Amino acid sequence: SFRCQDCIQIPIICQGCMVTAHQFNPLHRIQQRTEHNNKKNYWVSTELSSLGLVIRLNHTMESCPHKPLTGPPTRKFTAVHTNGLHHTVVALCHCPDQPSIMAQLLRAGFFPATTERPQTIFSLAVIQDFRMQTHEAGTTAHAYHSALQRQTDPTFKDRVDDRYREFLRVIQVWGHIEDQIRTGLPFGINQHLPEFHRDCLAVICPACPQPGINMSRETSKEHIKGKPHLFTCFLAADGNFRLVAKEKNQDEEARSLASGRAYMVADDPYWTYLESVHDDIECETCTNHKAGQLGRQLNSKHLRSRGKAVINCTRHTIVRPKAMVDFPKGERYSNIDYALASTIN
Ligand SMILES: [Zn+2]
Ligand SMILES: [Zn+2]
Ligand SMILES: [Zn+2]
């Protein structure tokens, strides 16, 4: 006999009934009653896949009538869900006009960790739950993944599969897709915007004058002079010396998916520019102004970045697009110059 830890008010039932009851909830946690000394007296965790449940893609209830040309009809996937990790058995659709594996999985509510021969899939629920947790509670991906492992096996967490690397990749790609959808990029909305904003994922200040968006590019100088309060954009630069990045072992293949398309300036042109500028350390005339010194004096041996600077509009304090730069060597004029030049369009 079996029971489910996630269903509400489900009675203790047999194997066949348990599989039937979970056609649409294949990632529930199941327990089996086990005999010990001829007494049925304790419950052990098992999986719906070992009870015979197969997740059938592209066909709701019945099996796909077509067989694959090569290989077995079903595949094993490690599925990551909000209640932990599961071993699942998935039957892909092999109909003549079937969608790609990627599309089949996405339609069923799974995001694969790789595109060609995926072996790990994440439920959309776990991705959305993590994004909510990280935005509202500041949960790190590492802590979240660790909690998922603990839920899977509360006693021997370390025996649970490690899918941290895959998790990082999936949430990065998901975040990038979501950013693009929210800016309307896939729907071509940006094609109607001025050149500077066409590939941009940042939210722009709706109140500041934005030539070509909320003010005409043809506005005459006389008109602007007559109402300078409407057409003046006040910008300010602000540095932060706590946003440091430590020099750590990093994946050399790691790449930003939106370099220079949101708030940070594009990486490669910025670093090339920094190679061409010489030291221009600010001579402070005020003994009370410690900001620049602080950035240079920090125990900087182990820092890859000693802070960041950003340009924002002073009236509404909204960060300008493509206007945030790293301080690899503490605050310098050259860093701020680049940020300002990059965001003025
Ligand atoms: Zn259930
Ligand atoms: Zn099919
Ligand atoms: Zn503004």
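Nothing here was measured: the structure is a model prediction, and the numbers come from that model. Within every chain, residues take consecutive numbers counted from 1 along the sequence as written. Chains carry letters from A onward and ligands carry numbers from 1 onward, assigned in written order. At least 70 in pLDDT is required for a residue's local features to be given in this predicted model, at least 80 for side-chain atom pairs to be given and counted, and no such filter applies to totals for whole chains, interfaces and linings, which use all residues. Note that water and hydrogens are dropped before the side-chain values are worked out from all heavy atoms of the structure.

### Examining the overall build of the protein chain
What counts, and what does not: Working definition: helices are DSSP H or I runs of at least four residues, strands are E runs of at least two. Numbering for both runs from the N terminus. We compute the radius of gyration from the C-alpha atoms alone; for a globule the expected value is 2.2 Å times N to the 0.38, where N is the number of residues. Note on exposure labels: buried denotes an accessible area under 20% of the residue type's maximum, exposed denotes more than 50%, and partly exposed covers the range between, all computed with a 1.4 Å probe on protein chains only. Contact between two residues is taken to exist if any of their heavy atoms lie within 4.5 Å; hydrogens are not considered. Areas reported here follow the Shrake-Rupley algorithm with a probe of radius 1.4 Å; residue values treat only the protein chains shown as occluding. Note that His is not counted, nor are the chain ends; the positive residues are Lys and Arg, and the negative ones are Asp and Glu. By convention, the charge on Lys lies at NZ, on Arg at CZ, on Asp at CG and on Glu at CD.
Regarding its fold elements, the protein chain presents 10 helices and 13 strands. Against the 2.2 N^0.38 benchmark of 20 Å for 345 residues, the protein chain shows a C-alpha radius of gyration of 27 Å, more extended than a compact globule. Here the C-alpha coordinates of the protein chain stretch approximately 90 × 50 × 40 Å along the principal axes. The buried share of the protein chain, taken over its 345 residues, is 37%. Once local pairs closer than 6 in sequence are excluded, the contacts in the protein chain between residues at least 24 apart make up 58%. Here the protein chain displays about 21,400 Å² of accessible surface, and carbon together with sulfur accounts for 52% of that area. Charged side chains of the protein chain number 40 positive and 34 negative; the gap between the two group centres comes to 5 Å.

### Considering empty space enclosed by the protein
Here is the rule we go by: A cavity, in this analysis, means grid points on a 1 Å lattice covering only the protein atoms where a 1.4 Å probe fits yet has no way out; a pocket is instead an open set bounded by protein on both sides within 12 Å along at least five of seven lines, and a residue lines either one if it has an atom within 4 Å of a point. Grid points are joined across faces, edges and corners, and a volume is the space filled by probe spheres set on the points. Polar here means any residue outside two lists: the nonpolar Ala, Val, Leu, Ile, Met, Phe, Trp, Tyr, Cys and Pro, and the charged Asp, Glu, Lys and Arg; Gly therefore counts as polar.
Taken as a whole and assessed by the stated rule, the structure comprises two cavities of 30 Å³ or more. As a volume, the largest cavity reaches approximately 60 Å³. Lining the largest cavity are Pro26, His28, Glu47, Leu48, Ser49, Leu53, Ile55, His86, His87, Thr88 and Val89. The greatest single-element share of the lining of the largest cavity, amounting to four residues, is contributed by strand β6 (residues 84–91). Considered class by class, the residues forming the lining of the largest cavity number five nonpolar, five polar and one charged. Size it by volume and the second largest cavity reaches roughly 30 Å³. Lining the second largest cavity are Ile204, Cys205, Gln210, Cys313, Ile318, Val319, Arg320 and Pro321.

### Describing the sheet that holds β6
The criterion, for reference: A pair of strands is considered paired only if DSSP assigns at least 2 bridges between the two. Think of each axis as a best-fit line through the C-alpha atoms, taken over the contacting stretch in the case of a helix, with angles from 0 to 180 degrees between the N-to-C directions.
Across the sheet, five strands lie side by side as β4-β6-β5-β8-β7; this open sheet has mixed pairing. The open sheet is flanked by β4 (55–56) and β7 (110–112), the only strands paired with a single partner. Contacts from helix α2 (residues 101–108) reach β5 (74–81), β7 and β8 (120–123) within the one sheet, and its direction differs from that of β7 by about 145°. The sheet contacts of helix α3 (residues 124–137) involve β5, β7 and β8, and relative to β8 the element is tilted by about 60°.

### Some details on the layout of surface pockets
A probe matching the size of a water molecule, rolled over the atoms, marks out where space remains unfilled. Of the voids in this model, the largest pocket is the one considered here, and its volume is about 1,900 Å³. Along its surface, the largest pocket is lined by 43 residues, and Gln172, Ala254, Arg255, Ser256 and Leu257 are the ones closest to its centre. Listed by contribution, the elements that provide at least two residues to the lining of the largest pocket are α3, α5 (164–183), α8 (267–276), β11 (303–305) and β13 (319–326). Per element, the largest residue contribution to the lining of the largest pocket is 11 residues, and it comes from α5. Considered class by class, the residues forming the lining of the largest pocket number 18 nonpolar, 10 polar and 15 charged.

### Considerations on the coordination of the zinc ion (ligand 2)
Filter applied, for reference: Metal coordination here is assigned from N, O and S atoms located within 2.8 Å of the ion, or within 3.2 Å for Na, K and Ca; omission of water means that sites may look incomplete. Every angle between 85 and 135 degrees makes a four-donor site tetrahedral, while opposite donors more than 155 degrees apart, with all other angles between 65 and 115, make a four-donor site square planar and a six-donor site octahedral; other sites are irregular.
On the protein side, the zinc ion (ligand 2) has His59 (NE2), Cys64 (SG), Cys93 (SG) and Cys95 (SG) as donor atoms, found 2.0 to 2.3 Å from it. Note that the zinc ion (ligand 2) binds four donor atoms; their angles at the metal cover 103 to 118°, and the shape is tetrahedral. Read from N- to C-terminus, the donor residues coordinating the zinc ion (ligand 2) fall into the pattern H-x4-C-x28-C-x1-C. Here cysteine 93 matches cysteine 95 in class, with each residue buried.

### Description of the UniProt feature "domain: CxC2-like cysteine cluster KDZ transposase-associated" (unreviewed entry) in the protein chain
Using the following cut-off: UniProt positions are given in the numbering used here, feature names are shortened, and annotations may be inferred rather than shown by experiment.
Residues given the UniProt feature "domain: CxC2-like cysteine cluster KDZ transposase-associated" (unreviewed entry) here are residues 48–155. Secondary structure content for residues 48–155 is 31% helix and 23% strand, and the end C-alpha separation is 21 Å.

### What to know about the coordination of the zinc ion (ligand 3)
Protein coordination at the zinc ion (ligand 3): the donors are Cys205 (SG), Cys208 (SG), Cys313 (SG) and His316 (ND1), at 2.1 to 2.3 Å from the metal. Note that the zinc ion (ligand 3) binds four donor atoms; their angles at the metal cover 103 to 118°, and the shape is tetrahedral. One chain supplies every donor for the zinc ion (ligand 3), spaced along it as C-x2-C-x104-C-x2-H.

### Concerning the pairing of β8
By the alternation rule, side chains of β8 split into Thr120 and Phe122 and Ile121 and Ser123, which are all buried. Bridge count for β5 against β8 is three bridges, and the pairing is parallel. Across the sheet, valine 80 pairs through a bridge with phenylalanine 122, a residue of β8. When β7 meets β8, the two strands line up antiparallel, connected through three bridges. Directly across from phenylalanine 110, in β8, lies its bridge partner serine 123.

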